[in-house]
Amino acid sequence: MANQKNQPSGKGCAVLVVHGGAGAINREKLTASRERQCLSTLEQALRAGFKVINDGGASLDAVVAAVKVLEDAPVFNAGKGSCMTRNGKIEMDAAVMEGTKLAAGAVASITCVKNPVTAARAVLQYCPHHVLLVGGGADAFARKIAEEAGLKIVDPSYFRTKNAEETLKRFLEMEKVLKKKGKRPSGLTTGAGQGDEDKSPAELMELEDLGDIEDFPGIVMPELDKTGKKYGTVGAVAVDRSGALAAATSTGGTVGKDPGRVGDSPIIGAGTFADNETCAVSATGTGEHFIRNVIGHEVSALIRYKGVSLQEAARQAIFVNLARTRGDGGIIAINRAGEFAMHYNTLGMYRGVVFADGSVATAIF
Ligand code: ASP
């Protein structure tokens, strides 16, 4: 499958699109087995979502089914395999939105639900007065509703992986070294953090460029290990037979984040958005930038008010809007006609699409 410069085509309408995160995925360091593992997990997620829609189900159920597969795979930064806060805890964020009634549900800094996307779904379904529950409140709600909503409650140790532990260790080491130079790793990609807008592109490149890291043997980019592993937020967007759109996003956040930090994924309009009149969007990248540029809603607004195509709106959101604050990342989007878009300004984005005839395509670069 081709990347954003060369959109895949010729297979009819798209039904469901997924992503497994965007970032500094180093092509040379990505092993064949790692690549296969990621692509086959994306494919499983596409098939799980497709089955729901093909059986006449709702796009909301399809995106939840797809995201659950990605959350269960430790290769992605969501559910099992989530990255860690700077004090070694796992706090996850997730959201769902459906485009018919603009109903949404989200959880942030949740710690005890095996599939955070199902907790977000439960907020939408069982919590009529609220959209977003956080921290202890989200955990308490999940425990209370678990049986009725079919949520699996697990011990927080379930989410921990050796990889996440090592990645945090490397992040903290790198932070220490970079601090002396007045720099800070983003915990995500090659991007800048909030407040870096006054730096020149050269300074920004230097900030987290791999070349910079090579100055410090043994320390690699936080989301990469020696085999080129990249932790990625996961998401899905879908359209069902009735033409209803839905979006879902789930993440462990950014490596070494401060406890209580919430990214864009559970923020409706930033990392997750769906409106039948325009599109459904799921984002991945430096969350603070996606929040500040309200990227999900921006794609929708460009379509609604400027009349541009889905493709053009998604492209502008990443290459014009997100660029204003020098954010890094990508988005997937779909509309009722089954048109879809996948744009990113990073080296790669794990992504895939399933078409109405059941055929799938996946790609990283
Ligand atoms: N957007 C996520 C966050 O900032 C991270 C990611 O996409 O990898 O929490």
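Above this text you will find the structure in question.
Residues numbered from 1 in each chain as written. Predicted model: local features only at pLDDT ≥ 70, side-chain atom pairs only at ≥ 80, totals over all residues. Heavy atoms only, no water.

Engineer: Got a sec to walk through the environment of Asn163? Specific residues and values, please.
Structural biologist: For Asn163, the position within the fold is in helix α5 (residues 162–180). With relative accessibility at 18%, the residue Asn163 sits in the buried group. In the structure, Asn163 is positioned 88 residues away from Val75 in sequence and 9.2 Å away in space, judged by C-alpha atoms. (Helix = DSSP H or I, 4+ residues; strand = E, 2+ residues; numbered from the N terminus. Buried < 20%, exposed > 50% of the residue type's maximum accessible area, 1.4 Å probe, protein only.)

Engineer: Please set out the site of the ligand residue by residue, giving values where relevant.
Structural biologist: Surveying the vicinity of the ligand reveals eleven residues, the closest of which are Thr233, Arg261, Asp264, Thr284 and Gly285. Arg261 places a side-chain nitrogen or oxygen 2.7 Å from an oxygen atom of the ligand. The separation between a nitrogen atom of the ligand and a polar main-chain atom of Gly285 is 2.7 Å. Residues of the shell around the ligand, tallied by class, amount to one nonpolar, eight polar and two charged. (Near = heavy atom within 4 Å. Polar contact = N/O pair within 3.5 Å; in protein donor to acceptor, adjacent residues only side chain to side chain. Nonpolar A, V, L, I, M, F, W, Y, C, P; charged D, E, K, R; others polar.)

Engineer: How would you explain the pattern of salt bridges if you had to name every residue and give the values?
Structural biologist: Scanning the model with the defined rule gives twelve salt bridges in all. Among the ionic pairs, Asp61 bridges to Arg121, the shortest N-O distance being 2.4 Å. Here Asp61, found in helix α2 (residues 59–72), pairs with Arg121, found in helix α3 (residues 116–126); they are 60 residues apart in sequence, far enough to count as distant. Judged by its relative accessible area of 19%, Arg121 is buried. Among the salt bridges present, the one from Asp72 reaches Lys114, with a minimum N-O distance of 3.4 Å. Of the two residues, Asp72 sits in helix α2 while Lys114 sits in the loop between β3 (103–110) and α3, which places them 42 residues apart along the sequence. We classify Asp72 as partly exposed; its relative accessible area is 32%. Exposure remark for Lys114: the relative accessible area of 16% places this residue in the buried category. (Salt bridge = Lys/Arg side-chain N within 4 Å of Asp/Glu carboxyl O.)

Engineer: How would you explain the sheet that holds strand β10 (residues 340–344) if you had to name every residue and give the values?
Structural biologist: Read across the open sheet, the four strands follow the order β7-β8-β9-β10; overall the sheet is antiparallel. The sheet is open, and its two edges are formed by β7 (272–275) and β10, each paired on a single side. Pairwise comparison of adjacent strand axes, ignoring direction, gives a mean angle of 10 degrees for this sheet. Where β7 meets strand β8 (residues 279–285), four bridges bridge the pair, whose relative direction is antiparallel. Within β8, the residue paired with Thr272 across the bridge is Ser282. Here helix α9 (residues 295–306) sits on the sheet in contact with β7, β8 and β9 (329–334), set at roughly 145 degrees to β8. Sheet strands in contact with helix α10 (residues 310–324) are β8, β9 and β10, and its direction is about 15 degrees off that of β10. (Pairing = 2+ DSSP bridges. Axes fitted to C-alpha atoms, helices over the stretch in contact; angles between N-to-C directions. Contact = heavy atoms within 4.5 Å.)

Engineer: Describe the packing of α3 against helix α4 (residues 135–149), with residues and values.
Structural biologist: A pair of packed helices is characterised by two quantities: the angle between their axes and the separation of those axes. Their axes nearest at 10 Å, the elements α3 and α4 cross at an angle of 80 degrees. As judged from the angle between their axes, α3 and α4 are roughly perpendicular. When α3 is examined against α4, the residues Ala119, Ala122, Val123 and Tyr126 are found in contact with a partner set consisting of Phe141, Ile145, Glu148 and Ala149. Classifying every residue of the contact of α3 with α4 gives seven nonpolar, no polar and one charged. (Parallel < 35°, antiparallel > 145°, perpendicular 65-115°, else oblique.)

Engineer: I'd like a rundown of the nonpolar core, residues and numbers included.
Structural biologist: Counting residues in each nonpolar core, the largest one holds 59 residues, and the members touching the most others are Leu16, Val18 and Phe76. Here this core takes seven residues from α2, the largest share from any one element. Apart from residues no more than four positions distant in its own chain, Phe76 is found in contact with Gly20, Cys38, Thr41, Leu42, Leu70, Gly81, Ser82, Gly232, Val234 and Tyr350. Counting residues in hydrophobic clusters, the runner-up holds 21 residues, among them Phe273, Ile332, Tyr344 and Phe355. (Core = buried A, V, L, I, M, F, W, Y, C linked by side-chain atoms within 4.5 Å.)

Engineer: Which residues make up the sheet that holds strand β11 (residues 348–355), and what values do they have?
Structural biologist: If you trace the eight strands from one edge of the open sheet to the other, you get β4-β3-β2-β6-β5-β1-β11-β12, paired in mixed fashion. For this open sheet the edge positions go to β4 (132–134) and β12 (360–363), each flanked by a neighbour on one side alone. Sheet twist, expressed as the mean angle between neighbouring strand axes with direction ignored, is 5 degrees. As defined by bridge partners, strand β1 (residues 14–23) adjoins β11 across seven bridges and the pair is classed as antiparallel. Paired with Leu16 across the strands is Val354, a residue of β11. Of the strands in this sheet, β2 (92–98), β3, β4 and β6 (245–251) are in contact with α3, which crosses β3 at around 135 degrees.

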